[in-house]
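Below are the chains, spelled out letter by letter.
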Amino acid sequence: MPNTICERNIKINIDNMWSFISDLNNWAPLVPGYEQHKMVNQKKSIWVCEGKVGSFQKTVQLTVIITEWNEPEKISFQLSSSNQMLTGNGTVCANKLSDRETNFTFSLTLHAKGLAGKMVNGSLRAFLPKLTSNFIDAMIRHMYGTKAQALV
């Protein structure tokens, strides 16, 4: 299963970071390929994204279910496409480094099934790290406005 972890140390206190990441409405639109999302309840949302992996392009509807909520440090989730051909899980973690600095980690595992699954998984392995890096950097920019200060 393709997976990736992206980590940044950023100059923002953990409470301000949690204020941003604890509201999925803040970061759902930052997902690459985002088209729309709807909150069903506090733990379940439906996201529509346009996915392009190599020459394979498709609009997918993903159900995202929060499986762990540990304020202010961790959100874990599972996701699945409406036809169950794409499944996965991920975490968003915040670890306090100091009063003004936080370690921000995002991990994601995806698994494509079906006839195209092997090809899609191979492509996901290649592009998932860049997608995740772009996503976490977009989140950081939104937390800071245009003054992102990632301490790589």
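What counts as what
Residue numbering note: each chain is counted from 1, following its sequence as written. Local features in this predicted model are restricted to residues whose pLDDT is 70 or higher, and side-chain atom pairs enter the listing and the counts only when it is 80 or higher, whereas totals over whole chains, interfaces and linings include all residues. Heavy atoms from the whole structure form the basis of all side-chain values; hydrogens and water molecules are not counted. When two rings of Phe, Tyr or Trp (its six-membered ring) have centres within 6.5 Å they constitute a pair, described as stacked for plane angles under 30 degrees, edge-to-face for angles over 60, and tilted for the intermediate range. To qualify as a helix, a DSSP run of H or I must reach at least 4 residues; to qualify as a strand, a run of E must reach at least 2; elements of each kind are numbered from the N terminus. Whether a residue is buried, partly exposed or exposed follows from its accessible area with a 1.4 Å probe, protein chains only, as a fraction of its type maximum: under 20%, in between, or over 50%, in that order. An expected span of 1.5 Å times one less than the residue number is assigned to each helix. To obtain the bend at a residue, axes are fitted to the seven residues ending there and to the seven starting there, and the angle between these axes is taken. Taking the helix axis as origin, the arc is that swept by the directions to the C-beta atoms. Side-chain atoms alone can form a polar contact between residues adjacent in sequence; in general such a contact is a pair of N or O atoms within 3.5 Å, and within protein one must be able to donate a hydrogen while the other accepts it.

Looking at an unreviewed UniProt entry, the protein carries the name Polyketide cyclase / dehydrase and lipid transport, with the source organism given as Virgibacillus dokdonensis.

Chemist: Sorry, what's going on with the packing of aromatic side chains here?
Modeler: Here the distance between the centres and the angle between the planes together describe a pair of aromatic rings. Under the definition given, this model contains five aromatic pairs. Relative to phenylalanine 135, the ring of tryptophan 27 lies with its centre 5.9 Å away and its plane at 50°, an arrangement referred to as tilted. Taken as a pair, tryptophan 27 in helix 2 (residues 24-27) and phenylalanine 135 in helix 3 (residues 117-144) lie far apart in primary sequence, 108 residues in all. For the pair shown, tryptophan 27 and phenylalanine 135 are each scored as buried. An aromatic cluster is built from Trp27, Trp47, Phe77, Phe106 and Phe135, whose rings are joined through pairwise contacts.

Chemist: Is there a simple way to explain unusual backbone geometry in this structure?
Modeler: Backbone geometry follows two general trends: most residues other than glycine have a negative phi, and most peptide bonds adopt the trans configuration. Across the junction of glutamate 71 and proline 72, the peptide omega takes the value -5°, indicating a cis bond. Here proline 72 shows up in the loop between strand 4 (56-70) and strand 5 (74-81). Phi at glutamine 84 takes a positive value of approximately 65°, unusual for a residue other than glycine. Mapped onto the elements, glutamine 84 comes out in the loop between strand 5 and strand 6 (86-98).

Chemist: Looking at this structure, I do not really get helix 3. What am I missing?
Modeler: Each α-helix winds once per 3.6 residues, and so residues spaced three or four apart point in a common direction. Counted at 1.5 Å a residue, the expected span for helix 3 with its 28 residues is 40 Å, and the 38 Å between its end C-alpha atoms agrees. At phenylalanine 127, helix 3 is deflected by roughly 45°, the largest bend along its length, and proline proline 129 occurs up to four residues later in sequence. Looking one or two places after helix 3, you find glycine 145, whose phi comes out positive at around 80°.

Chemist: Would you mind showing me how to read helix 1 (residues 14-21) here?
Modeler: Within helix 1, the full set of buried residues consists of Ile14, Met17, Trp18, Phe20 and Ile21. Projected onto a plane normal to the axis of helix 1, the buried residues spread over an arc of 160° and lie on a single side. The N-cap of helix 1, judged by a side-chain oxygen 3.0 Å from the amide nitrogen of aspartate 15 a few residues on, is asparagine 13.

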